[in-house]
Structure formats: C-alpha cells, structure tokens
Amino acid sequence: MSVSSFRTTAVIAMLLGGCAAKQEQPATVARAEQLMASNAAKRGDLVLRCEPSDAQVLMDGVEQGTCSDFAGVSRSLRLGDSGFHQVEVKKRGFYPYTTYYQPSGARVTLKVKLRPLAPESGGVSP
C-alpha cells in the first residue's frame, strides 16, 4: 500500500467513523443551557421598608404606590421582566432615592431612609 493510498484510506475511515458522526451533547452542556434558559425568565419580589412609609414608589418611571403598599411579605413589588429595573422612592421635602434592581428569583428587602431637604433645627424659632 502506497503512502498516498494509506492517507486516503485513513481520511475515509475518519469520515465514516466518529469524527464526522453527530455527537451527543454531554449532560453538563445540556444542563447549562437549561439553567441559562430558566435564568432568562427570572422574576423577583421586592419588599420595601421606608422612612417615611408614605413615600411614592416608581418602577421604570411608572408610579406603583407608596412604600407601605409593598412593606409586607404578601405585599411586595413584583418584577416580572428580566433585566435591570429602576426603582425610585421619593416624597416632597426629601431627597429622592434611586437604585437599580435585577430580578434574581429571590425575595429581596430594600431599606430606604429618605433625607430631608432642609436640615432639621433643634431649636424653636422666635
């Protein structure tokens, strides 16, 4: 058998053998794809504990209610879409608080204490 025919025979054997055949994915790759797909649909619940409790809550610029509306375990702000969401807490006379939250599939408690715009004076004015 010549060197040229040996190479041809080797190439044919590789093509007919395992190299060209469709191979099954390892279980770890399939599991990783499954986890990535489930992560794309993550939801999240955000419980808010605010001072003052009657401050407004906005998510992505849309008013959702007051902090007291989302202060309990059964009354949380539900985030259905994946990706980052802007959460803003504000009240007249206080500096607003803004943060960004990405749902992780877990319930998260956000504690916010708004600072007054004017410093509180300790004395009584005449």
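Just above, that's the structure.
Just so it is clear, the model here is predicted, and its values are computed rather than measured.

Draft legend 1. Main features of the sheet that holds strand β2 (residues 56-59). One open sheet accounts for four strands, arranged β3-β2-β5-β6; its pairing is antiparallel. Each edge of the open sheet carries a strand with a single partner, namely β3 (62-66) and β6 (97-101). Between one strand axis and the next, the sheet turns by 25° as a mean value, whatever way the strands run. Two strands pair when backbone bridges link them, and β2 and β3 are joined in this way by four bridges, in the antiparallel orientation. Its bridge partner lying in β3, Leu-58 is registered against Glu-63.

Draft legend 2. The arrangement of the state of the cysteines in detail. Scanning all chains against the criterion turns up one disulfide. There is a disulfide in this structure between Cys-50 and Cys-67, and the S-S distance comes to 2.2 Å. Its S-S torsion of approximately -65° makes the covalent link between Cys-50 and Cys-67 left-handed. With a gap of 17 residues between them, Cys-50 in strand β1 (residues 44-51) and Cys-67 in the loop between β3 and β4 (77-79) connect regions that are remote in the sequence. For Cys-67, a relative accessible area of 1% gives the class buried.

Draft legend 3. Broad picture of the environment of Glu-63. With respect to the helices and strands, Glu-63 occurs in strand β3. Sequence-wise, Glu-63 and Glu-88 are 25 residues apart; in three dimensions their C-alpha atoms are separated by 9.1 Å. Residues contacting Glu-63, with those up to four places away along its chain left out, are Gln-56, Val-57 and Leu-58.

The rules behind each value
- Residues numbered from 1 in each chain as written.
- Predicted model: local features only at pLDDT ≥ 70, side-chain atom pairs only at ≥ 80, totals over all residues.
- Heavy atoms only, no water.
- Pairing = 2+ DSSP bridges.
- Helix = DSSP H or I, 4+ residues; strand = E, 2+ residues; numbered from the N terminus.
- Axes fitted to C-alpha atoms, helices over the stretch in contact; angles between N-to-C directions.
- Disulfide = S-S within 2.5 Å.
- Buried < 20%, exposed > 50% of the residue type's maximum accessible area, 1.4 Å probe, protein only.
- Contact = heavy atoms within 4.5 Å.

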